[in-house]
Structure formats: C-alpha cells, structure tokens
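Topology and contacts: notes
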Amino acid sequence: MGEGKDNVATLMGTKRLADAVRQAKIAAAQRSDVVVDIREADRARLEILQEELQPLIDELPAGEDMFDFTLSGGAHARLWIDGTANVVMARDRRTYRLVRETRLGRVTLVESTEARIIADRVTDYVAERIVERDKAFAVNDELNEQIAKPAHPVRRTNEAPLRQPEPQRSRSTDFVIAAVWLMIGVVVGAGLLLAISSYLGVSVG
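Everything in this summary refers to the structure shown in the same document. (Residues numbered from 1 in each chain as written. Predicted model: local features only at pLDDT ≥ 70, side-chain atom pairs only at ≥ 80, totals over all residues. Heavy atoms only, no water.)

Quick look at the nonpolar core
For soluble globular proteins, the rule of thumb is that nonpolar side chains tend to be buried together. In terms of nonpolar packing, the biggest core is built from 28 residues, with Leu49, Leu53, Phe69, Ile81, Val87, Tyr96 and Val122 touching the most fellow members. Counting residues per element, this core draws most heavily on helix α5 (residues 115-148), at six residues. Each residue touching Ile81, except ones within four places of it in the same chain, is listed here: Leu53, Phe67, Asp68, Phe69, Asn86, Val87, Leu98, Val122, Tyr125 and Val126. (Core = buried A, V, L, I, M, F, W, Y, C linked by side-chain atoms within 4.5 Å. Buried < 20%, exposed > 50% of the residue type's maximum accessible area, 1.4 Å probe, protein only. Helix = DSSP H or I, 4+ residues; strand = E, 2+ residues; numbered from the N terminus. Contact = heavy atoms within 4.5 Å.)

So this is what it looks like as structure tokens:
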C-alpha cells in the first residue's frame, strides 16, 4: 500500500496525472481491438492537442464566437476549430488530420503525428480566417459609405435655377426667315388685289 502511494507521488512529480491517464488509454487501445478503447484513445489524443492549443485559445478575445475549439464525441471524435474545420484522427490512430468541410467535399489541410505541428497549423488557419473576416468587414464598410453618399450634390431649393443661354442664330437663318415673311407678304398682297379687282368688276357689271 505504501509502495502504491509512492508510485503515484513519483508519477505526479514528473508528469501531470491527466496526461498519464491519456497515455494509458492510448497504450491500451494500441494493444486491443475493442472499439470503445479505440474511441477513448482518439479522444485522449485530441485532448492532448486541445491542451497544445490552449495558449491560442487564451489569446482570442472574450467575445470571439467565430471559433469553437470544442471536442465532440460520437463514432469519430473531432476537435472543432470553427464551423467548417476540425481535427480528426486518421485510420492509424496516431496521425492527426486537420480537415475542412467544403461544398465540394472534405479537404485535408495538413497531417502529422506531432500535436505541436498540428497546433502550429491550426494557429495559422485561425490567423488566416481573422484576416479574411477583417477584409470582408472593410469591403462592406466601403460599400455602405458609397451607398450613403449621393452621386451628385443636391441643389438647395432656395437657389434660383440656372438660366440656359439662348442659342445664337446665324445670318443665313435670319435671311431665310426674312425671305419667308416677304413671300407671305407678296402672297397676301396679291390675294387682296385679286379680291379687290373681282369686287370692282362685279360692281361695274
């Protein structure tokens, strides 16, 4: 009994108990084909990765809701980064696989047996997503400013409208107008003379 306590104390002095339990689960799954043990091993490895990502999680703002970093269970345990990207264990149960779900299917971003390498790649992915979001916000702000700003300055109602300058007529136009009035006068005069002549002729007869 005393030896057992000494062993536990020695274990906790060199390594955290939680890490030791996870490593024990992984070792048990590698020695057994029991499905439950394999699932526990996958979850234990993802918990190790989650701890590697803890400094990144702590650096995110308190109100940041774009990223999850939650560990889901089920037939295949997954460590979700956001709504589309997650880390899952490969078939060999030793390889971490960072994947992203797209409309065209699942895309593998990186694979590695080292949790540190996957944590670095997840950090790069998070930074890329933040930059993409900031760019999208900047574009939306520019579009909103363009919509709010009128295309042409609005003229105040108390301002008098600008008078359009009258077009200047050429000399040829004036000549044509004078000729037309002259012809109209000749025609009217001839008509009057004809009417007077007809009237006088009728009177004499």
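What to know about the sheet that holds strand β4 (residues 96-102)
Ordered in space as β1-β2-β3-β4-β5, the five strands form an open sheet in which the pairing is antiparallel. This sheet does not close on itself; its edge strands, each paired only once, are β1 (70-72) and β5 (105-112). Each strand axis lies, on average, 30° off the axis of its neighbour in the sheet, ignoring direction. Pairing geometry for β1 and strand β2 (residues 78-80), over three bridges, is antiparallel. Counterpart to Leu71 in the pairing with β2 is Leu79. (Pairing = 2+ DSSP bridges. Axes fitted to C-alpha atoms, helices over the stretch in contact; angles between N-to-C directions.)

Let's talk about the pattern of salt bridges
Any two side chains of opposite charge can pair, so long as their charged atoms come close to each other. Taken as a whole, this structure holds nine salt bridges when the rule is applied. Salt-bridge contacts for Glu101 lead to Arg106; the nearest nitrogen and oxygen are separated by 2.9 Å. Linking Arg116 and Asp120 is a salt bridge whose minimum nitrogen-to-oxygen distance equals 3.0 Å. Linking Arg116 with Asp120, this pair stays in helix α5, spanning four residues, or about one helical turn. Arg116 sits in the partly exposed class, given a relative accessible area of 40%. Asp120 sits in the partly exposed class, given a relative accessible area of 38%. If you follow the salt bridges from partner to partner, you end up with Glu52, Arg116 and Asp120 in one network. (Salt bridge = Lys/Arg side-chain N within 4 Å of Asp/Glu carboxyl O.)

A few points about the packing of aromatic side chains
For any pair of aromatic rings, geometry is given as the distance between the ring centres together with the angle between the planes. With the rule as written, the count across this model stands at one aromatic pair. Summarising the aromatic geometry, the rings of Phe67 and Phe69 are spaced 6.4 Å apart at their centres and angled 40° between planes, so their arrangement reads as tilted. The burial state of Phe67 is the same as that of Phe69; both residues are buried. (Phe/Tyr/Trp six-rings, centres within 6.5 Å; stacked < 30°, edge-to-face > 60°.)

Quick word on a nonpolar patch on the surface
Judged by side-chain polarity, Phe175, Val176, Ile177, Val180, Trp181, Ile184, Val188, Leu192, Ile196, Tyr199 and Leu200 come together as a nonpolar surface patch covering roughly 1,200 Å² of accessible area. Mapped onto the elements, Val188 comes out in helix α6 (residues 171-204). Here Val188 falls in the partly exposed class, since its relative accessible area comes to 47%. (Patch = residues over 30% accessible without salt bridge, like charges linked within 9 Å, V, L, I, M, F, W, Y side chains within 5 Å. Areas by Shrake-Rupley, 256 points an atom, 1.4 Å probe, with all protein chains shown as cover.)

Re α5
In an α-helix there are 3.6 residues to a turn, and that puts residues three or four apart on one side. Helix length check: α5 (34 residues) gives 49 Å between terminal C-alpha atoms against 50 Å at 1.5 Å per residue, within 8%. Within the span of α5, buried status applies to Ala115, Ile118, Ala119, Val122, Tyr125, Val126 and Arg129. (Expected span 1.5 Å × (residues − 1).)

Topic: the layout of surface pockets
In this approach, a probe sized like a water molecule rolls over the atoms, and the result shows the empty space that is left. Of the voids in this model, the largest pocket is the one considered here, and its volume is about 240 Å³. Forming the walls of the largest pocket are Asp42, His76, Ala77, Arg78, Val88, Met89, Ala90, Arg91, Arg93, Arg97 and Arg106. Taken together, the residues that form the lining of the largest pocket break down as four nonpolar, one polar and six charged. (1 Å grid on protein atoms, 1.4 Å probe; cavity = no way out; pocket = protein on both sides within 12 Å on 5 of 7 lines; lining within 4 Å. Points joined across faces, edges and corners; volume = space filled by probe spheres on them. Nonpolar A, V, L, I, M, F, W, Y, C, P; charged D, E, K, R; others polar.)

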